[in-house]
Amino acid sequence: MVCGVLTVSTPSAAQRKYNIEELPRIPVDTVDTADPRVKIITYTNNTWDYYLPDYESLANQSVYQEHWTTNEVFAYRDVKFADVPESMEIELVKSLDGYHPPVLGRVSSRYGPRGKGMHKGIDIGLPTGEPIYATFEGKVRYARYNSGGYGYLVILRHPNGLETYYGHLCKLNVKVNDYVVAGQVIGYGGNTGRSRGAHLHYEMRYADLTFDPERIIDFSTGDLKWQNFVLERGYFNISSKLTEALEEEDGDLGDMFVDKEGNPLSSEEIVDNLSKAAAKPKTTVNDVIYYKVKSGDNLYKIAAKYGTTVGNICKLNGIKSSTTLRIGQRLRVR
Ligand SMILES: [Zn+2]
């Protein structure tokens, strides 16, 4: 512990009368340092201390011992939905610096039903390489490439038991079992996994169950909505524990047919985008994937979406490229 005395310009007459030792020493403020984990506490008598929390003992709390797995997305397989309390009060932060938005940007897809599946998180558009921040302090439970569609994925567990997921990253900046503070850069945003266009896929889970992160964060401003939050069992999506994979492809397919301003591209540019997308491997090659045809789909769009070719889809389904697709038709795309 290092201590010191802040330089005070012209002390008032009243201050001059007292020795520093006699003044009340009550913490008034904390000041950030270059290291996000180290703070300076200032006191009423103009003295200060460095403050470095004991991360080793924080990282050894029971919340990081029980149901702790670092090589699988889900850690609470033995916890049944019925075991989750009807309602629980969760302390999100102790102080204002206990929170940092994961990234600021346009919300491109919200939590909830999407297509035939369920979007288990919220998508925020970003340029590749944008720093992604830990929303709360906690311990890194998972930090690796995920072949279920998340791409490079970081999962943080927080002291209150909540977990936050950060998907499609281009690069990781933490490793499993690291202890991080709110606002620490855990990775960089990107377009890895089953993703179309660089964005952050952000989830909040409790006991592997998802709920809408917009209940806690206002993504238009980046602000935290509550210091203490009442998490109701009714907020959870029961099916969110069924699969570890992203059920639907993330992102905006429209980006391949329009430019950044939304103006239509020339057919050459579209073909170029589609062939680039087809060349990009999306999932592990052994996965068999079916796709349900939606309104407005055609074979070229679907092929691009799954990083394959029209020829391959035709072969897998015994159809011709000229075959008219029906809405709701199931196509094997891999
Ligand atoms: Zn998403």
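Residues numbered from 1 in each chain as written. Predicted model: local features only at pLDDT ≥ 70, side-chain atom pairs only at ≥ 80, totals over all residues. Heavy atoms only, no water.

Q: What is the right way to look at the overall build of the protein in this model?
A: Secondary structure summary: the protein contains five helices and 25 strands in total. In the protein, which comprises 334 residues, the proportion classed as buried is 44%. (Helix = DSSP H or I, 4+ residues; strand = E, 2+ residues; numbered from the N terminus. Buried < 20%, exposed > 50% of the residue type's maximum accessible area, 1.4 Å probe, protein only.)

Q: Help me out: how do you make sense of the pattern of salt bridges in this one?
A: Side chains carrying opposite charge are able to pair once their charged atoms draw close together. For the structure shown, the criterion picks out 14 salt bridges. With a shortest N-O distance of 2.4 Å, Glu 244 and Arg 77 are connected by a salt bridge. One end of the pair, Glu 244, is in the loop between β22 (228–232) and β23 (250–251); the other, Arg 77, is in the loop between α2 (55–59) and β5 (87–91), with 167 residues separating them in the sequence. Residue Glu 91 pairs with Lys 94 through a salt bridge whose shortest N-O separation is 3.1 Å. Taken together, the shared-partner salt bridges in this structure form one network comprising Asp 32, Lys 39 and Asp 97. (Salt bridge = Lys/Arg side-chain N within 4 Å of Asp/Glu carboxyl O.)

Q: What is the right way to look at the layout of surface pockets in this model?
A: The method is simple in principle: a probe with the dimensions of a water molecule rolls over the atoms, and the space it marks as empty is what remains. A volume near 850 Å³ is recorded for the largest pocket. Looking at the largest pocket, it is lined by 32 residues, and the ones nearest its centre are Ser 95, Asp 97, Gly 98, Glu 137 and Val 181. Broken down by secondary-structure element, the contributors of at least two residues to the lining of the largest pocket are β2 (27–32) and α2. In terms of residue class, the lining of the largest pocket is built from 14 nonpolar, 10 polar and eight charged. When residues of the lining of the largest pocket are assigned to domains, at least three map to each of domain 1 (3–51) and domain 2 (62–241). (1 Å grid on protein atoms, 1.4 Å probe; cavity = no way out; pocket = protein on both sides within 12 Å on 5 of 7 lines; lining within 4 Å. Points joined across faces, edges and corners; volume = space filled by probe spheres on them. Nonpolar A, V, L, I, M, F, W, Y, C, P; charged D, E, K, R; others polar. Domains from an automatic or database assignment.)

Q: How should the sheet that holds strand β16 (residues 185–188) be read in this particular structure?
A: Hydrogen bonds along the backbone pair up the strands of a sheet, which may run parallel or antiparallel. Strand order in the open sheet formed by three strands is β10-β16-β14, with antiparallel pairing between adjacent strands. Across the chains shown, the open sheet's two edge strands, defined by having one partner strand only, are β10 (131–133) and β14 (171–172). Here three bridges tie β10 to β16, and the two strands are oriented antiparallel to one another. Along β16, the bridge assignment pairs Pro 131 with Tyr 188. (Pairing = 2+ DSSP bridges.)

Q: Quick question: what am I supposed to make of the packing of aromatic side chains here?
A: Each aromatic ring pair is specified by the distance between its two centres and by the angle formed by the two planes. A complete count under the given rule lists 14 aromatic pairs for this structure. Here the aromatic rings of Tyr 64 and Tyr 179 are separated by 5.9 Å at their centres, their planes lie at 85 degrees, and the arrangement is edge-to-face. Placement of the pair is Tyr 64 in the loop between α2 and β5 and Tyr 179 in strand β15 (residues 179–180), with a sequence separation of 115 residues. Of the two residues, Tyr 64 and Tyr 179, both sit in the buried class. Seen in terms of ring centroids, Phe 211 and Phe 229 are 6.2 Å apart; in terms of plane orientation they differ by 20 degrees. Their pairing is stacked. A residue pair is termed long-range when its members are at least 10 positions apart, and Phe 211 in strand β19 (residues 209–211) and Phe 229 in strand β22 qualify at 18 residues. Owing to a relative accessible area of 5%, Phe 229 belongs among the buried residues under this scheme. An aromatic cluster of three or more residues is present, and its members are Tyr 206, Phe 211, Trp 226, Phe 229, Tyr 235 and Phe 236. Its guanidinium or amino end placed over the ring of Tyr 43, Arg 25 lies 3.8 Å from that ring's centre, counting from NZ or CZ. (Phe/Tyr/Trp six-rings, centres within 6.5 Å; stacked < 30°, edge-to-face > 60°. Lys NZ or Arg CZ within 6 Å of the ring centre and 35° of its normal.)

Q: It is not clear to me how the environment of Leu 104 should be interpreted in this structure. Could you clarify?
A: Looking at where Leu 104 falls in the secondary structure, it is placed in the loop between β5 and β6 (107–109). As a C-alpha pair, Leu 104 and Leu 200 span 96 residues in sequence and 10.0 Å in three-dimensional space. Every residue in contact with Leu 104, bar those within four places of it in the chain, is listed here: Ile 124, Thr 221 and Gly 222. (Contact = heavy atoms within 4.5 Å.)

Q: What is the right way to read unusual backbone geometry from this model?
A: Both trends apply: most residues other than glycine have a negative phi, and most peptide bonds are in trans. Even without being glycine, His 67 reaches a positive phi, approximately 50 degrees. Mapping His 67 onto the fold places it in the loop between α2 and β5. On the accessibility criterion, His 67 (30% relative accessible area) is partly exposed. A positive phi angle is found at Asp 208, which is not glycine, with a value near 70 degrees. Tracing the backbone shows Asp 208 in the loop between β18 (199–206) and β19.

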